[in-house]
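# Architecture at a glance
So the chains spell out like this:
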Amino acid sequence: MRACRTLFGPILFGCLALTVGLSHAADSPANDTPSASAEAPAANARAADTVATAAPAFPPFNEVIKEPKTTEGLIKIHQEKGRLFAELAPGDLNRDFIVLIAIAKGIGEGPLLGGMTWGFGDDWVWQFRKVDDNIQVVRRNVRFKANPGSPEADAVALAYTDSVLFALPIATMSPSGAYVVDLSQVFLSDLPQIASILPGFGFASNRSTVSKVKGFPNNLELEIAATYASGGMIELDSVPDSRGVTINIHYSISALPQTNYKPRLADDRVGYFLTVTKDYSKQGDLDRFVRYINRWQLEKADASAELSPPKKPIIFYLEKTVPYAYRKPIREGIEEWNKAFEKAGYVNAIEVRQQSDRDEWDPEDINFNTFRWITASAGFAMGPSRVNPLTGQILDADIIFDADFVESWKQEYETFTPASIAALTGGALDVKSYEEELRRMPQFLRHAHGCRCELHGGLTRELAFGSAALTIAAEASPATDGQVEKMILQGLKEVTMHEVGHTLGLRHNFKASSWLTLAEANDPTKTSQHGLTASVMDYNPTNIAPKGTPQGDYFSTTLGPYDLWAIEYGYKNVSGGSPEGELAELKKIASRCGEPGLAFATDEDTRGIDSDPYSNRFDLGADPIEYASQRAKIIADLWPGLVDRVSAEGDGYQKVRRAFGILLGNHGRAMFFASRFVGGVSVNRDHKGDANAKAPFVIVPADKQRAALALLEEQVFSAKPFQFPPELYNHLAASRWVHWGTFDPPRVDYPAHEVILMWQTRILDQLLSSLTLQRLYDSELKVDADQDAMSTAELIERLTTAVYAELGKIDAAGQYTNRKPAVSSLRRNLQRYYLSMLSSLAMGNSGAPADCATVAYITLEDLKARIDAQLAADVKLDTYTRAHLRESSTRIAKVLDARLELGQP
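Predicted model, so just to flag it, every value in this text is computed and none were measured. In this numbering scheme, every chain counts its residues from 1 along its sequence in written order. Totals for whole chains, interfaces and linings use every residue, but because this is a predicted model, local features are given only for residues with pLDDT of at least 70 and side-chain atom pairs only at 80 or more, for both listing and counting. Hydrogens and waters are ignored; side-chain quantities use all the structure's heavy atoms.

### Structural notes on the overall build of the protein chain
Put simply, the rule is: Strands are runs of DSSP state E lasting at least 2 residues, helices are runs of H or I lasting at least 4, and numbering of each runs from the N terminus. Classification of residues uses two cut-offs on accessible area relative to the type maximum, computed with a 1.4 Å probe and protein chains only: under 20% is buried, over 50% is exposed, and between them is partly exposed. We call two residues in contact whenever any of their non-hydrogen atoms come within 4.5 Å of each other. For accessible areas, the Shrake-Rupley method is used with a probe of radius 1.4 Å. Any residue's cover is judged against the shown protein chains and nothing else.
Counting its regular elements, the protein chain contains 27 helices and 23 strands. Within the span of the protein chain, comprising 905 residues, buried residues form 53% of the whole. Long-range contacts, defined here as pairs at least 24 residues apart, represent 74% of the contacts in the protein chain between residues at least 6 apart. With an accessible surface of roughly 40100 Å², the protein chain has 53% of that area assigned to carbon and sulfur atoms.

The structure is reproduced here in structure tokens:
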């Protein structure tokens, strides 16, 4: 094996050298259209031989199927005594069917919510294949392909196989000559693997039934009332008895469409969901992956017209469950995308229709795109779509809104935990922790995890912040009357536009919020035309203007420039006269990425482990540091009088605690945005030759990093922002109801020290994470020697100075007592945590560069000297401060001694 690797290295190097030496040729147009996998032709040949063979004798049809309930359609179905028989004609064998799975009725837990799709970006292609006296249910492997009849196709057939899921005995032959098989074991089973996300539950076949069968010429719709059983020791608030949990699972089975749809190649500068195959016939590129964008098939009714209606528009049905009060902004949010399609050459590409009480179709039916309103108490919205995995053609989409989306004052804001704070700020901050998070997930959810839409929960928090800000301001100004309703309706329209964007194929763009300045974002003459941000595919916060500043829109009411550009790339009818010309036209569109408002960064650019401080969820404005500073000022102005302004006469004080949590959480998250500038690296997707092209990586300027650190010193590592009056703490009442649907807080009184320290430590964890220190250390090589650069030594020195700011400044004439200590309790807690981090760094336990460990070591030496000098000074310290400083000195001494011992040979 080692010899093979040794040989492969020079070959790869040679290929790369030729690539650099020669001009890069365009992708081969012959490989831009999908070809069947090598497995399929061989399977078809075997099937032809099988069909031609004389069928063996089977029991008579009337003995097997006696008194059925028959459903005609794509596949004829007979229901009899709880069993599900299917007639499979010879033409149904070895034919591709797409199988779409959805949760028709859920249980209000996790992804098991009514309306949720279950493909997680990996929809299934099935074939029925006859082998001897069985019909196999086979899931096609569509990821690998080669041109049929080529040597590469033979190689693919040897390397990759399909998955045989079931082997069904042929029960009988129908009068028409079709094979009859019992599909009960297929669908009355845990086919979607739901038990993997319901630990302790197993599929109960004897308690599961077929609840619905509908047949149509092009599709079959099945719904199974699937019961999952447990020992009853698991408590689920939304389920009456966990010994039997029933979930209605909907299967939509249709023949894979054979149309003139032409796939469109993806470009990494424009954010689309992808359908990806590996083509071993692809020439002229080391990368054999073929990446198609996911999009609808749109064709102009008049191909010669600059603007034309489509032959077949994209139609969304508003489900009758949508409340009357919200139908107008939702309809407007869907139709807003017609502005983008007009730029791409289509008039009325999207239509919105209202479902009537007389309509009997199922929302999960592949023939209907729906906007659904559910009540799962999950406070979310999502816009999934189902896609032909061979071409990227979108076949179906169902947008789901949960009713709790507009309920902003939630009990969850009463208590913070380290896990909830981490979730608010991007998750794991180092690679090891990130990989551990992924390993804990079921395998089939890992890909979807990185692309999942979490706008729902975040926007609920933003509505809560906006409601708190406007509620408090309303006491001072009658002009705010009606503003909360305006904010909610604008937010509802924006999140509708966002989810529709997903159904059109678009991914998140978390850099879109860095387009306008904060002043421009409050200028209605700009935002009414182009939105608050460059794209509704960002997660945008509630825009609340500071006191004394004109208030603009709370949320975007229209699409941004990125949205128009992305739809142009995906849907504009480009010809170019040839496949090469068409590809050139697409690249010309994508090459505009350097224009203002067209920058793109998505989920994999915005994790806790990522470097780009301009790619954030729920920030606003061209400068996230300015945004954080502004949010801090807004929140500081809201603290005074919070109790009286939030609590109504005759009500409890629970809303005060929730408002406190909302404001504190918003402050902490804004400061976290600022912390990402330290060690930050901007990431760009520009290609060589693009107009205004930027380098792939740009180190954040040192002055910008220092500005962020200065803000954190003031707003996080100082006690000043957290000096709340005692009467406020004593009114932070927790909900006192204890029953299903509520949670009992660990402490009814507010854990003030604990919560404040959680936010301080989260930001310290970011600043001193191994990744931040590695990036800072690397930047010293990546910035010219004659240019200023932030260093790890400077960061550690500044943090130490800020966290231990009292040392050397304690007034000798001060009258310090345990009630008025020289170092306050909030500061002592921060110093203890920082000391533990610095010690870990000095001991080499953090994964940071070795130079950081040595800097931490000498910093501890200096810090001990300063602490000892403070203790030796002629100052009468309070017991708390004296004990704290002595303990700190002793701990440092032990770390220094341990470090010396570790360093011995």
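### Describing the sheet that holds strand 15 (residues 289–293)
Going by this rule: For two strands to be treated as a pair, DSSP must find at least two bridges joining them.
Pairing within the open sheet is mixed, and its three strands lie in the order 7-14-15. Looking at strand neighbours, the two that pair on one side only are strand 7 (144–145) and strand 15, the edges of this open sheet. Direction of pairing for strand 7 relative to strand 14 (residues 274–279): parallel, over a ladder of two bridges. Residue pairing across strands places Phe144 opposite Lys278, the latter belonging to strand 14.

### Remarks on the confidence of the model for the protein chain
Here is the rule we go by: Per-residue confidence from the predictor is reported as pLDDT, which spans 0 to 100.
For the protein chain, the mean per-residue pLDDT works out to 88, and 88% of the residues sit at or above 70. The low-confidence segment residues 1–55 (pLDDT under 50) makes 53 contacts with residues lying over four places distant or belonging to another chain.

### Overview of the pattern of salt bridges
To keep it simple, the criterion reads: Here, a salt bridge means any side-chain nitrogen of Lys or Arg that lies within 4 Å of a carboxyl oxygen of Asp or Glu.
For the structure on display, the rule yields 44 salt bridges. For Glu568, the salt bridge identified is with Lys572, shortest N-O distance 3.7 Å. Given the relative accessible area of 15%, Glu568 is considered buried. Sharing partners across several salt bridges, the network here consists of Lys212, Lys214, Glu223 and Asp362.

### Some points on a nonpolar patch on the surface
Applied cut-off: Think of a patch as exposed residues, more than 30% relative accessible area, with no salt bridge, where like charges cluster within 9 Å and nonpolar side chains (Val, Leu, Ile, Met, Phe, Trp, Tyr) cluster within 5 Å.
Together, Leu274, Val276 and Phe289 make up an exposed nonpolar region whose accessible area comes to about 220 Å². One can find Val276 in strand 14. Owing to a relative accessible area of 33%, Val276 belongs among the partly exposed residues under this scheme.

### Looking at the pairing of strand 5 (residues 124–131)
Moving residue by residue along a regular strand, the side chains alternate between the two faces of the sheet. Of all eight residues in strand 5, seven are buried; the element is thus mostly enclosed. In this structure, strand 5 lies alongside strand 6 (residues 134–139), joined through six bridges in antiparallel fashion. Each residue of the ladder has a partner; that of Trp126, found in strand 6, is Arg139. Where strand 5 folds back onto strand 6 in an antiparallel hairpin, the turn is made up of two residues, including Asp132, whose phi is positive at roughly 55°.

### Some details on unusual backbone geometry
Its identity as a non-glycine residue notwithstanding, Asn348 has a phi of 55°, on the positive side. Here Asn692, not a glycine, exhibits a phi torsion of approximately 60°, which is positive. Here Asn692 shows up in the loop between strand 22 (681–683) and strand 23 (697–699). Exposure remark for Asn692: the relative accessible area of 57% places this residue in the exposed category.

### Comments concerning the side chain of Arg676
Position of Arg676 among the secondary structure elements: in the loop between helix 19 (654–675) and strand 22. Not counting the four nearest positions on each side in its chain, Arg676 is found in contact with Asp605, Arg607, Asp610, Ser611, Asp612, Pro613, Ser615, Asn616 and Gln766.

### Section: the nonpolar core
Burial of nonpolar side chains together is a common tendency in soluble globular proteins. Quick reminder of the rule: Nonpolar cores are built from buried Ala, Val, Leu, Ile, Met, Phe, Trp, Tyr and Cys residues. Side-chain atoms within 4.5 Å join them into one set.
Core analysis: the biggest nonpolar cluster contains 95 residues, and Trp337, Phe341, Leu504 and Ile567 have the highest contact counts within it. The next biggest cluster of nonpolar side chains, apart from the first, holds 59 residues, and it includes Leu799, Val803, Ala856 and Leu860.

### Thoughts on the environment of Leu709
Within the secondary structure, Leu709 sits in helix 20 (residues 702–715). A residue is classified by how much of its surface remains accessible, and Leu709, at 0% relative accessible area, is buried. Distance in space between the C-alpha atoms of Leu709 and Leu795 is 8.5 Å, their sequence separation being 86 residues. Ignoring anything within four residues of it in the chain, the contact list for Leu709 reads Val678, Leu767, Met790, Leu795, Arg798 and Leu799.

### With respect to the environment of Pro192
Positionally, Pro192 belongs in the loop between helix 5 (184–187) and strand 10 (202–203). With a relative accessible area of 3%, Pro192 lands in the buried category. Separated by 73 residues in sequence, Pro192 and Gly119 place their C-alpha atoms 8.9 Å apart. For Pro192, the contacting residues outside a window of four places in its chain are Ile101, Trp118, Ile249 and Tyr251.

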